[in-house]
Amino acid sequence: MASNNNSKIISDAHPHTVKKFELIETYIKSWAQKLMLTDSCSGIVFIDCMCNSGVYQDDDKNIVNGTPIRVAEALLDVARTYPDKQVHLFFNDNNADKIEELKKHLPEEERNYKIVTTVRDGNELLKWIGTQLKESSHMHFFLLYDPYDASIDWDALLPFFKNWGEVLINHMVSDSIRAISQVKKEETKKKYEGTYQVDSISDLVPYGSDKAAYEKRVLEIIDKMKGSATRKYYIATFPFFNTRNSLVYDLVHCTSHEKGFKLFKSTAWKTFGDKSSTKNRHGEENQLTFDFFGTGVFKPSVDEYCYDLNSIAIYLHENFRGKKDVPLSDVWAALDEHPVFPSDGYKNDLKQILKHDFGADISRKTITFSNGR
Ligand SMILES: C[S@@+](CC[C@H](N)C(=O)[O-])C[C@H]1O[C@@H](n2cnc3c(N)ncnc32)[C@H](O)[C@@H]1O
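Values in this document were obtained by computation on a predicted structure and should not be read as measured data.

So, how was this worked out
- Residues numbered from 1 in each chain as written.
- Predicted model: local features only at pLDDT ≥ 70, side-chain atom pairs only at ≥ 80, totals over all residues.
- Heavy atoms only, no water.
- Pairing = 2+ DSSP bridges.
- Helix = DSSP H or I, 4+ residues; strand = E, 2+ residues; numbered from the N terminus.
- Buried < 20%, exposed > 50% of the residue type's maximum accessible area, 1.4 Å probe, protein only.
- Phe/Tyr/Trp six-rings, centres within 6.5 Å; stacked < 30°, edge-to-face > 60°.
- Lys NZ or Arg CZ within 6 Å of the ring centre and 35° of its normal.

> Describe the sheet that holds strand β13 (residues 326-327), listing the residues and the values that go with them.
Taken together, the three strands give an open sheet; going across it, the order is β13-β15-β14, and neighbouring strands pair in antiparallel fashion. At either end of the open sheet lies a strand with only one pairing partner, and these are β13 and β14 (361-362). The sheet contact formed by β13 and strand β15 (residues 366-368) spans two bridges and is antiparallel. For V326, the partnering residue across the bridge sits in β15 and is I367.

> Before we move on, could you go through the pairing of strand β2 (residues 43-48) and cite the residues and values that matter?
As a general feature of sheets, a regular strand has side chains that alternate between the two faces. Taking burial as the measure, the six residues of β2 include six buried ones, the bulk of the element. Because side chains alternate across β2, one face comprises the buried residues G43, V45 and I47, and the other comprises I44, F46 and D48, equally buried. In this structure, β2 lies alongside strand β5 (residues 86-92), joined through six bridges in parallel fashion. Bridge pairing links V45 to H88 in β5.

> Tell me about the packing of aromatic side chains, and please be specific about residues and values.
Aromatic ring pairs are reported here in terms of the distance separating the ring centres and the angle at which the planes meet. Considering all chains together, one arrives at 22 aromatic pairs under this definition. On the numbers, 6.3 Å between centres and 25 degrees between planes, the contact of W154 with F161 is stacked. Here a set of aromatic residues connected by ring pairs shows up, and it is made of Y27, W31, F46, F91, F142, F238, F240, Y249, F264 and F272. For K211, the ring lying beneath its charged end belongs to Y305, and the centroid distance is 5.1 Å.

> Explain the sheet that holds strand β3 (residues 55-57) residue by residue, including any values.
The pairing of strands in a sheet comes from backbone hydrogen bonds and takes either a parallel or an antiparallel form. Strand order in this open sheet of three strands is β1-β3-β4, and the pairing throughout is mixed. In the strand order of this sheet, the two ends are held by β1 (11-12) and β4 (63-65), each with one partner. Across two bridges, the pairing between β1 and β3 is parallel. When the sheet's bridge partners are listed, S11 is paired in β3 with Y56.

In structure tokens, the structure reads:
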């Protein structure tokens, strides 16, 4: 979101941003339903610490709701379905007019459904909530950290990585690629040095416009934040492309819970229409390319910024090539570990592709993978 757009109370939401709203709303609905069914969870806390006004205008000039309104409405249903459990929402923005607008659209509070709206620095808010996380371990937290530029205050996020809960960060890669090579102001240099945890902005100059370098750096930082090297922690990154096919930002989902990781991946793929991003491949995904150094045959082309179900089938086929009677549980486990590929919601489709395009033999409990292709 460009900064002049950010200054508007009702800002523009282009199609990739509307997809972001849809993804978060759909995920939170399923995440909350699943958690409320567990005895150990006495409630959920959703925080959008940089929430905007909740109201946007799309490319066709229609008014669309942003994350806070969508999540508030979805979680009201959840609170009513589970009257013995608590739902707490924190919505914050440093722009008072945006919060005033948002308040007009939020549901009324109910006995087990509370909304706190604040106008302050989002990082300060997180540092304050962060001190109380340990005492609230019976509540499950979901933190959305969604600035309009590439500024990430890792100190504010640290308690959320260390404790139980999930963090979703918008990593505004396009801002870094555009600005870092020409940044002059000391204050702006400090912003990028903080975001990528480097001593000097000159350490970032070699990254140039290599988006993968910035993405890798963010994953390295999160890996340190999670603490003990042996702690199981799951990170899924999904890129968002605009209609000109440029990468705008990544949503980076972080959780210590495998079920949340799997659910987020499946929800993202469903939101993007059975792909891993909003990138438009203009039909390239249906063209076959010659694999000179591999099997020496034609294969569907794979784009690491926009995988599709064929890409998953290729991955499975290459992983298990020639193996007989592989239990289905092993096949799906290979996807469950994967940072982008889902299994839930796609098992039947994948079996069909493996059978018809890769010559696999599918039985009720196993798959025998062919040696060819
Ligand atoms: C990308 S928008 C948030 C969109 C919202 N999360 C959604 O999905 O509908 C970013 C918002 O962050 C606010 N913001 C930026 N830096 C902030 C900070 N340090 N503290 C609080 N709000 C901030 C801006 O005013 C802007 O409204």
